[in-house]
Amino acid sequence: MTNLRVTARAHTNIALVKYWGKADTDLIIPQNGSLSLTLDHFYTDTTVEFDSKLTTDQFILDGESKSPVKITNFLNIVRQKAGINSFAKVDSVNHVPSTAGLASSASAYAALAAAASKASGLNLSHKELSKLARRGSGSASRSIYGGFVEWIKGYNDDTSYAVPIEEDLDWKIGMIVAMVNSDKKKISSRTGMQTVVNTSPFYSAWVESIDDDLRNIKVAIKNRDFKTMGEIAESNAMRMHALNLSSSPHFNYFEPLSIEIMDTVEDIRTNEQIECYYTVDAGPNIKILCQQKDADDLLSKLRVRFPQIQFSFTKPGPGIKYLN
Ligand code: DP6
């Protein structure tokens, strides 16, 4: 029998209501629901081929051979579902702007889930793919879909998956990514969020605040109310980072330039009447939510103030697709 060689593409996503904390660390069941926007500009292409002649899994990332340990853990789930035991060759390429460090576990595990499941002979629905991608990295559950996506937190493997809110967006919005530092993060999101769950005295207040954020942001999206959507996203991100500051040991992801860019976004919004809102994940880069009509203006203002920083604008992006 000839082996199936499957290539899948998945785009990364940025959460407007963040996932920050696990209820189950093995199955990756979150403590709170989240909502994201899939981006057009940043994606991962992954090719998987199971081959009975291989004696171990092989992993190539951007042309370089890497340790397959994490990939093997994930492929074991796929092998178990498919009832096969062959090892696989996994070849992954991250497409990000030249110097960017936005290589993300979201697009990586969504592409791997799609390619590996199909190459193993499984024919999974998007819902099943979302659950599978979640096992690799929580945020990957949302990268199965394009546009606005909600990850329903659920309470076990079967009930925790993402659903599309609006896939083909007719809303002319996007994000500017400010690349403050493309190095590896100081503290992984996995470690950071676990420290927070275990030690922040504010953690239960965070979880309680999420229902309102999710409800209100979905209404804002439906009504095309950019201001309310941006305000919720910005405030939700700052509450997530407040958890980090309040845990023990305390930590933060900001660099001096991250804070300067956040201040500048507020300044442009207040004094130059351009609607723009920031959000920040487990790293120093700043993502700025804006409308497409304002993107050029905003980019030139930011570039004048921060000539040393690389800014790139991206529109909303699509869900997973197979390239062969
Ligand atoms: C701040 O999905 O990378 O980006 O499930 O441990 O792999 P693991 O974490 P990951 O965490 C993402 C955290 C975040 C917020 C978000 O994307 O919702």
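Residues numbered from 1 in each chain as written. Predicted model: local features only at pLDDT ≥ 70, side-chain atom pairs only at ≥ 80, totals over all residues. Heavy atoms only, no water.

Going by what an unreviewed UniProt entry lists, the protein is known as diphosphomevalonate decarboxylase and is assigned to Candidatus Ligilactobacillus excrementigallinarum. In its Sequence similarities (unreviewed entry) section, the UniProt record describing the protein reads: "Belongs to the diphosphomevalonate decarboxylase family." (UniProt positions renumbered as here; feature names shortened; annotations may be inferred.)

J.: How would you explain the overall build of the protein if you had to name every residue and give the values?
T.: For the protein, the count of helices and strands is eight helices and 14 strands. Computed over C-alpha atoms, the radius of gyration of the protein comes to 19 Å, within 12% of the 20 Å expected from 2.2 N^0.38 for 324 residues, which places it in the range of a compact globule. C-alpha atoms of the protein, sized along the principal axes, occupy 65 × 40 × 40 Å. Every one of the 324 residues in the protein was classed for burial, and the buried ones make up 54%. Looking at the protein alone, contacts between residues at least 24 apart form 76% of all its contacts between residues at least 6 apart. As displayed, the protein has an accessible area near 14200 Å², and 49% of this comes from carbon and sulfur atoms. Of the side chains in the protein, 36 bear a positive and 37 a negative charge, and the two mean positions are spaced by 4 Å. (Helix = DSSP H or I, 4+ residues; strand = E, 2+ residues; numbered from the N terminus. Rg over C-alpha atoms; globule rule 2.2 N^0.38 Å. Buried < 20%, exposed > 50% of the residue type's maximum accessible area, 1.4 Å probe, protein only. Contact = heavy atoms within 4.5 Å. Areas by Shrake-Rupley, 256 points an atom, 1.4 Å probe, with all protein chains shown as cover. Lys, Arg positive; Asp, Glu negative; His and termini not counted. Charge placed at Lys NZ, Arg CZ, Asp CG, Glu CD.)

J.: I'd love a proper account of the side chain of serine 258, names of residues and values included.
T.: Along the chain, serine 258 falls in helix H7 (residues 256–271). Here serine 258 is in contact with Val180, Pro284 and Ile286, once residues within four sequence places are set aside.

J.: Break down the packing of aromatic side chains for me, citing the residues and quoting the values.
T.: Tallied over the full model, the rule gives eight aromatic pairs. Summarising the aromatic geometry, the rings of tryptophan 20 and tyrosine 253 are spaced 6.3 Å apart at their centres and angled 75° between planes, so their arrangement reads as edge-to-face. A residue pair is termed long-range when its members are at least 10 positions apart, and tryptophan 20 in the loop between strand S1 (5–17) and strand S2 (22–24) and tyrosine 253 in the loop between helix H6 (226–245) and H7 qualify at 233 residues. Grouping residues by exposure puts tryptophan 20 and tyrosine 253 together as buried. (Phe/Tyr/Trp six-rings, centres within 6.5 Å; stacked < 30°, edge-to-face > 60°.)

J.: Explain the site of the ligand to me, and be specific about the residues and the numbers.
T.: Residues in close proximity to the ligand total 17 residues, the closest being Tyr19, Lys22, Ser137, Gly138 and Ser139. Side-chain polar atom of arginine 190 to an oxygen atom of the ligand: 2.8 Å apart, as the coordinates give it. Considering each element in turn, the shell around the ligand owes the most residues, three residues, to helix H4 (residues 189–199). Here the shell around the ligand is built from residues that sort into seven nonpolar, five polar and five charged. (Near = heavy atom within 4 Å. Polar contact = N/O pair within 3.5 Å; in protein donor to acceptor, adjacent residues only side chain to side chain. Nonpolar A, V, L, I, M, F, W, Y, C, P; charged D, E, K, R; others polar.)

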